[in-house]
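What follows is the residue order along each chain.
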Amino acid sequence: MSRLKDENEIVAPGDLLTDEDDVRPSSGVYAEKGKIYSKFIGTVKYGDDYVRVQPMDGRYIPSEGDVVIGEVTRVSYSRWNVDLDSPYEGTLNISEASDQYVDLDEDDLTDFYDVGDAVVVKVESVSESMDVDLTMLDDRCRKLEEGRIINISPHKVPRVIGRQGTMVQQINEKTNCHVIVGQNGLVWINGENPSVAAEAVKKVEREAHTDGLTDRIAEWLDEQLEGGDQ
Amino acid sequence: MKINEEDIRNKIKKGERHDGRDPLEYREISIEADYINETANGSAMVEIGNTKVLVGISIDVESPYPDRPESGTIVTNAELAPMASREFESGPPQEDGVELARVVDRGIREAEAIDLNDLCIEAGEKVYTVFIDAHVLNDDGNLIDATSLAAMTALKSGYLPEYDEETGTLDRDEKWKDIELSTEPITATARMINGEMVFDTTHEEEDAQDARLTVSIDENGQVVAMQKGEENPYSTDEIAESMDLVKEKTQKFRNLIEEAVE
Amino acid sequence: MTSTDKEVEWFDEEGNRVDGRKADELRETTMEVGVLEEADGSAMVEIGNTRVIASVFGPQDLHPKHLQESDRAVIKMRYNMAPFSVDDRMSPGPNRRAKEIGLVARRALEPALELEKFPTAGIDISMEVVESDGGTRVTGITAASLALADAGIPMKGMVASCAAGVVDDTPVLDVNGKEDKEGNADIPIATINRSDDDTESREEDKVTLLQMDGDLTTDQVEDCVQLAKDGCRQLYEQQKRTIREKYNATDGGDQ
């Protein structure tokens, strides 16, 4: 395949990536007259027979199976609305919130979750008209009682989690914190050194497209925590 | 988010903030005077952390009010540009912009920083009007201090253009004289979060605040203006403590402005 | 503003304009992307003394609901001049001219955006003119394009924009404020740019904005359009450099 850019090179919208017409356009690119161009500012990745661009940034669009963090914005008779920091809001129906029988006339839904509550939820399904249905019936889902939430780009989430969770694990261990990274870019942090953990997450986000990041973050964390301070 | 507000209120009781600062500590401040090259008669861009405010001074000539024939006018205006925050976007009347302008204006007007009679060209006929326009470009909290700093820097480095009597207009390229300041009030805001005093709040921290007290101090350490905002009350002790701390903070600002204006 | 100079020498013996430029030269241009933290995307572009900051929020929830389109995102455009951006202070807030410019700017940018990817959503673009010395709308469009890319909105290419005019019967590129006031025409152009455009023919459907005010011969119009297209191409190259510089600056190290 004619690779007009280097692997992982930073490209801009409209950059020509390849002019061979048997290459498959994957995500982040588009094809026109046998040529493939980037749609985003991002890093280009060439596969055996495809090319794609990993965007630097962009808002979260809900996708089935994603475990995300959100805030309850409304409580109605049989469901909750959850803000996912996305153009599309999520709906959690009572049937997806509890295994137990709930008498809607007797019980108050706010006993479960109230407006302003932060929750970890899973995206159960997304319809064509972008109706997003959520569920709590997954081990990873829960209400978040304390701690803080910061925002990163959803596109940097894989890097912050790391291969098999190694990056976030490193941050957890060194800062003695519990960090949950939502696929929508909301990150919950709670523990002994939350400010350092938050800074570490932001640092990974900023430098996600560079090499040797895991070691650099480990070094940085050690430096920050040396004085035993925050 | 509510979880963050609660966390901020809990942590501040232990003297901790989300970004690791001390409760009384300011973020990094940068001041650039003369940010506007040609069109404004004085300007400054101030950044406190990620908060960015641009102030421009425009001078015009008008007839004075009949009851004050030798006084010029100062008009302070603040615009919260929609780009500054996701919340400003949804447009309607900028209540907070009006409030911000009022607070900043008072710091200049009550202190009589500019002698309005100094702006007189011809008694009863023509006086200068000084427009102080603040444009908030990025809101990460503490707009009052950032805007006040920018306004004072812009005034200090600003000038009055020459008035051409023949044409009755201003010659904008000719400087008549620098804007003279009778006093140089510097402003800082002390806020209360869950019973603790905090300076230089971020946007998130302001969602968790209970009260604020804005104090303006002149170059002799005198308090020349003070105003309280938000619903909750301040105790007399808290007010006294705020004033002392503000004196300290504003001295640092004074130095920063001097450097910027050189 | 002072009364018009009657005898301005628009070109000296060497063909230099009032600010020393040649007829086909752009003013000194600086660009920066990612200048505001709250916005999803932002950029600042400075051409001569004209300085515009652009921001993008979105895609996001769009209210009121009746403005939503079921199959694509809707763009809301704002163009505003700061009171101190001009010699004679302007009242704050967008006026009618600003609303018209907003409309034109939106049409210049929309064809480059993949709006169908975000049904029912809204994208808010804002341009604040911080200082004005001719070419504010085209500078705003160039900045908005960078801000859109910064926000991660999918685009077919980068939109760049500049204006040509006629001064002393000569077509010139990128009129400054003085030339704009006295000159005989204003022709702003915007084009969607891709990296391989030099090797293929520049088709007209890549031009997303083309306006003309003034009194010109067809030859002059053609010359102006060509000048402006070349100017857009130069600005596009600078947009790309600006983007690359931002990310290469964080390579392997920390700030």
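Residues numbered from 1 in each chain as written. Chains lettered and ligands numbered in written order. Predicted model: local features only at pLDDT ≥ 70, side-chain atom pairs only at ≥ 80, totals over all residues.

Chemist: I keep staring at the overall build of chain A and nothing clicks. Help me out?
Modeler: The helix and strand inventory of chain A stands at four helices and 16 strands. By principal-axis analysis of the C-alpha atoms, chain A measures approximately 65 × 55 × 25 Å. Across the 230 residues of chain A, 42% fall into the buried class. In chain A, the proportion of contacts linking residues at least 24 apart, taken out of those at least 6 apart, comes to 57%. (Helix = DSSP H or I, 4+ residues; strand = E, 2+ residues; numbered from the N terminus. Buried ≥ 20, exposed ≤ 12 C-beta atoms within 10 Å, placed from the backbone. Contact = placed C-beta atoms within 7 Å.)

Chemist: Help me understand the interface of chain C and chain B in this model?
Modeler: By a widely used convention, the size of an interface equals the accessible area lost when the partners come together. With 26 residues of chain C at the interface, the matching set in chain B holds 30 residues. Listing elements by their share of the side of chain C that touches chain B, those giving two or more residues are strand 3 (50–61) and strand 5 (121–131) of chain C. Considering every element that reaches the side of chain C that touches chain B, the biggest residue donor is strand 5 of chain C, with five residues. In terms of residue class, the side of chain C that touches chain B is built from ten nonpolar, seven polar and nine charged. (Nonpolar A, V, L, I, M, F, W, Y, C, P; charged D, E, K, R; others polar.)

Chemist: Is there a simple way to explain the domain arrangement of chain A in this structure?
Modeler: All names here are of chain A. Annotation of chain A at the domain level lists domain 1 (10–55), domain 2 (67–144) and domain 3 (148–225). Between the C-alpha centres of domain 2 and domain 3 there is a distance of 27 Å. Every contact between the two is made by nine residues of domain 2 and, on the other side, nine residues of domain 3. Elements that contribute at least two residues to the side of domain 2 that touches domain 3 include exactly strand 8 (67–75) and strand 11 (118–126). Tallying contributions element by element places strand 8 first for the side of domain 2 that touches domain 3, with three residues. (Domains from an automatic or database assignment.)

Chemist: Just checking my understanding: could you explain the interface of chain B and chain A for this structure?
Modeler: Facing nine residues of chain B, the contacting portion of chain A comprises ten residues. Counted by class, the side of chain B that touches chain A contains two nonpolar, three polar and four charged residues.

Chemist: Looking at this structure, how should I read unusual backbone geometry?
Modeler: Peptide bonds are mostly trans, and most non-glycine residues show a negative phi. All names here are of chain C. Gly 58 connects to Pro 59 through a cis peptide bond whose omega is 0°. Within the secondary structure, Pro 59 is located in strand 3. Going from His 63 to Pro 64, the amide bond is cis rather than trans, its omega being -5°. Along the chain, Pro 64 turns up in the loop between strand 3 and strand 4 (74–81). Non-glycine residue Thr 120 carries a positive phi angle of around 65°. Structurally, Thr 120 can be placed in the loop between helix 1 (96–109) and strand 5.

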